[in-house]
Amino acid sequence: MELEFHRNKERFGFLKWGSSAFRNMLVVPPGSGIVHQVNLEYLARVVFNNGGILYPDSVVGTDSHTTMIDGLGVAGWGVGGIEAEAAMLGQPMSMVLPGVVGFKLSGKLRNGVTATDLVLTVTQMLRKHGVVGKFVEFYGQGMSELSLADRATIANMSPEYGATMGFFPVDAKTLDYLKLTGRSDDTVAMVESYLRANKMFVDHNQVEAERVYSSYLELNLEEVEPCLSGPKRPHDRVTLKNMKSDWHSCLDNNVGFKGFAVPKESQGKVAEFSFHGTPAKIKHGDVVIAAITSCTNTSNPNVMLGAALVAKKACELGLEVKPWIKTSLAPGSGVVKKYLDKSGLQKYLDQLGFHIVGYGCTTCIGNSGELDESVSAAISENDIVAAAVLSGNRNFEGRVHPLTRANYLASPPLVVAYALAGTVNIDFEKEPIGISKDGKEVYFRDIWPSTEEIAEVVKTSVLPDMFKSTYEAITKGNPMWNELSVSTRTLYPWDPSSTYIHEPPYFKDMTMTPPGPRPVKDAYCLLNFGDSITTDHISPAGSIHPDSPAAKFLKERGVERKDFNSYGSRRGNDEIMARGTFANIRLVNKFLKGEVGPKTIHVPSGEKLAVFDAAMKYKNEGHDTIILAGAEYGSGSSRDWAAKGPMLQGVKAVIAKSFERIHRSNLAGMGIIPLCFKAGEDADTLGLTGHERYTIHLPTNVSDIKPGQDVTVTTDTGKSFACTLRFDTEVELAYYDHGGILPYVTRKIAEQ
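Just so we're clear, the structure is a prediction, and the values are computed from it rather than from any experiment.

### Thoughts on the packing of aromatic side chains
Phase 1 of the analysis: If you walk through the whole model with that rule in mind, you get 26 aromatic pairs.
Phase 2 of the analysis: Relative to W324, the ring of F275 has its centre 6.0 Å away and its plane inclined at 65°; by these criteria the two rings are edge-to-face. A residue pair is termed long-range when its members are at least 10 positions apart, and F275 in strand β11 (residues 270-275) and W324 in the loop between α11 (301-317) and β14 (326-329) qualify at 49 residues. Across this residue pair, the class does not change: F275 and W324 are buried.
Phase 3 of the analysis: Through successive ring pairs, a cluster of aromatic residues spans F14, W17, F22, Y492 and W494.
Phase 4 of the analysis: For K16, the ring lying beneath its charged end belongs to W481, and the centroid distance is 5.7 Å.

Rendered as structure tokens:
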């Protein structure tokens with residue numbers, strides 16, 4: 001916390017200023033837990049009582065995992081920060097009415113199968129079904145077998161399966177959770193009576209009425225097997241029993257989502273190094289990061305106490321984790337520490353190196369910090385495909401750590417098991433996980449707790465008082481927060497020398513008259529992408545690379561490398577974020593023909609430049625730019641900087657096969673034109689190389705433009721093709737007319 005306050009004092013001060021400058025803004029001080037967990041355990045009402053008027057609770061949040069709250073029966077989903085900023089200023093949300101997928105659950109999870117195994121199975125099924133932009137509602141008798149924490153785990157992963165939300169209607173389990181987390185009996189009674197009266201309460205003791213859904217899926221919980229997802233995407237599920245064979249096929253396969261193309265003769269390579277004077281070895285598939293992290297799982301006492309029981313059994317047998325594996329435990333809530341302490345199990349996690357490092361997003365967003373220098377050197381110099389195993393929800397390339405090319409999502413107990421094994425190249429059914437202190441082989445089955453064992457510890461260790469005592473103090477802050485002195489003015493006093501908080505340029509030279517549609521004429525292609533470019537590839541995230549344009553900017557202002565901090569902590573400075581856009585070291589840009597990294601070709605000169613430098617060169621020459629992309633452009637987190645950054649770099653349009661929901665609306669909100677190729681077409685089938693110049697033929701009057709209309713795009717090489725305009729609502733067209741959502745809202749406020 002001291003380091004956080006030292007690094008982020010300006011940011012925290014800005015937020016504290018906002019909580020007094022705005023009437024309707026509550027700030028939960030830093031160090032209190034992950035926002036989704038705080039929402040689940042404390043903030044959510046389920047039913048609002050506003051001066052005697054009752055209505056269902058709902059929420060939109062600036063993180064895609066806002067959907068976790070759907071596990072509590074609160075309709076919620078993630079929006080871009082851009083949309084949220086407008087909502088905070090009174091602008092209503094607009095969206096196309098979604099289809100609703102009915103997902104029927106039956107049966108009961110088998111012994112030893114965790115909620116994480118279930119969610120990875122559900123994620124794979126829903127991705128295959130196709131639910132982007134849709135709501136998913138879970139129903140059926142299997143619901144009565146799922147704890148609220150299990151439901152929240154499934155709801156949290158909505159962005160990974162692509163749905164706007166995964167909703168669990170309120171039932172008796174929801175009411176039990178509200179009581180457990182310290183909500184009053186009167187509140188719980190009010191919630192139940194209101195929802196029953198409005199036919200919104202599900203009673204599993206009664207025959208459920210058949211509902212009509214847009215489409216249907218079904219899963220028998222008994223069929224769920226222990227599994228992981230990886231090595232590069234959350235929906236690439238691998239059953240635990242097939243992990244070893246799948247790993248070997250990944251080594252063999254061509255470079256891709258399931259391939260590393262390691263030559264056969266190199267697959268058994270052993271890199272020897274010295275770890276603080278001790279001889280050490282590392283091979284392909286060896287684990288170098290094992291992290292229990294992310295709100296998805298650390299909200300769930302069953303998997304958290306399950307992991308602690310694995311640690312206990314392992315410690316009693318004398319098993320250890322290799323000292324160069326970076327282990328960590330980052331719970332989503334202070335309550336987790338209380339029940340781990342109460343159970344007496346935290347000491348075993350500590351013994352294996354899973355110490356509590358803080359309450360917040362860590363490894364799942366690239367905040368695990370550096371590996372030991374000797375480990376980094378061994379991986380880099382020998383081109384080792386090292387692995388990370390984490391209980392997170394995202395494992396896209398370059399996200400977890402630059403040096404872990406294989407990243408697997410797993411339940412917290414499996415994270416501990418793989419840390420002990422030290423490799424993902426193992427068949428847990430046939431090969432020992434280690435050797436006990438008395439020289440015997442220890443197998444996975446010897447340390448895996450039963451469902452009954454876990455349930456017993458949960459029952460005796462997770463108590464309502466823990467939630468009450470944690471949240472009674474949450475808004476009081478801590479001494480460091482309370483001592484922050486901030487301006488009492490209602491206008492923020494910008495500090496021009498700050499490298500953290502900078503006045504953004506969105507309102508520069510703004511007039512009261514909207515600029516109207518801007519022609520895109522003879523634009524160059526800044527980047528030419530294939531499928532599945534995520535917001536992790538686009539948006540600045542994780543650590544700031546010492547050779548990047550952002551690092552150069554900081555060095556020029558006297559900031560030392562040790563104080564670079566992360567892009568996430570510097571997102572209040574547009575100068576740094578614009579430089580960090582498309583700065584991902586795993587970026588695959590077709591212009592570079594096989595070379596991976598944050599570079600592109602400046603088409604007129606043929607120069608290879610950092611993406612930001614190329615964008616600025618185009619801007620200075622007076623040229624517009626566009627981006628060509630494949631399917632699922634912008635999948636992943638709802639990062640508003642994935643739209644703000646390209647806008648600041650001068651990008652005027654993105655032409656893709658398809659968009660992830662939130663990213664498309666963020667582009668619209670920043671005045672960037674989202675266009676979709678027609679079905680069956682893409683840049684390759686149309687023969688586009690990206691070296692052409694592009695003109696988008698849009699009407700000059702916004703009243704002549706309609707959501708979803710066809711638009712003609714022509715190139716200087718004589719090609720002409722139709723695209724679908726993906727401004728999906730009239731409201732988004734109004735944003736475009738105004739040059740973006742922020743100028744639109746500002747003009748509306750000024751008119752009042």
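### As for the nonpolar core
Phase 1 of the analysis: Counting residues in each nonpolar core, the largest one holds 85 residues, and the members touching the most others are F354, Y418 and F428.
Phase 2 of the analysis: Broken down by element, the residue count for this core peaks at nine residues, all from α11.
Phase 3 of the analysis: Residues contacting Y418, with those up to four places away along its chain left out, are L228, L240, M243, V287, V389, T423, V424, I426 and F428.
Phase 4 of the analysis: Listed in part, the 79 residues of the second largest apolar core include A523, Y633, A656 and L667.

### Some words on the packing of α11 against helix α15 (residues 412-421)
Phase 1 of the analysis: Across the interface, α11 lies against α15 with an axial gap of 7 Å and an inter-helix angle of 30°. Considering the angle they form, α11 stands roughly parallel to α15. Here α11 contributes V303, M304, G306, A307, V310, A311 and A314 to the contact with α15, which in turn contributes P412, P413, V416, A417 and L420.
Phase 2 of the analysis: The residue inventory of the contact of α11 with α15, partitioned by class, reads 11 nonpolar, one polar and no charged.

### Regarding the confidence of the model for the protein
Phase 1 of the analysis: Scored by pLDDT, the protein has a mean of 92; 100% of the residues are at 70 or more.
Phase 2 of the analysis: Considering each helix and strand of the protein separately, the mean pLDDT is smallest for helix α10 (residues 295-298), with a value of 72, and largest for strand β22 (residues 625-628), with 98.

### Topic: the sheet that holds strand β24 (residues 673-677)
Phase 1 of the analysis: If you trace the seven strands once around the closed barrel, you get β19-β22-β23-β24-β27-β26-β25, paired in mixed fashion. Direction aside, the axes of adjacent strands within the sheet are offset by 40° on average.
Phase 2 of the analysis: Inspection of the sheet shows β22 paired to strand β23 (residues 651-656) by four bridges, in the parallel sense. Counted as the bridge partner of I626 is A653 from β23.

### Some remarks on the sheet that holds strand β6 (residues 135-139)
Phase 1 of the analysis: In space, the four strands of this open sheet follow the order β7-β6-β5-β8, with parallel pairing throughout. Each end of this open sheet is capped by a strand with a single partner; those strands are β7 (165-167) and β8 (215-220). Going from strand to strand, the sheet's axes swing by 20° on average, the running direction of each strand aside.
Phase 2 of the analysis: Sheet analysis places strand β5 (residues 100-106) next to β8, joined by six bridges and oriented parallel. When the sheet's bridge partners are listed, G102 is paired in β8 with Y216.
Phase 3 of the analysis: Sitting on the sheet, helix α4 (residues 115-129) is in contact with β5, β6 and β8, with an inclination near 150° to β8.

Parameters and conventions
Residues numbered from 1 in each chain as written. Predicted model: local features only at pLDDT ≥ 70, side-chain atom pairs only at ≥ 80, totals over all residues. Heavy atoms only, no water. Phe/Tyr/Trp six-rings, centres within 6.5 Å; stacked < 30°, edge-to-face > 60°. Helix = DSSP H or I, 4+ residues; strand = E, 2+ residues; numbered from the N terminus. Buried < 20%, exposed > 50% of the residue type's maximum accessible area, 1.4 Å probe, protein only. Lys NZ or Arg CZ within 6 Å of the ring centre and 35° of its normal. Core = buried A, V, L, I, M, F, W, Y, C linked by side-chain atoms within 4.5 Å. Contact = heavy atoms within 4.5 Å. Axes fitted to C-alpha atoms, helices over the stretch in contact; angles between N-to-C directions. Parallel < 35°, antiparallel > 145°, perpendicular 65-115°, else oblique. Nonpolar A, V, L, I, M, F, W, Y, C, P; charged D, E, K, R; others polar. pLDDT = per-residue confidence, 0-100. Pairing = 2+ DSSP bridges.

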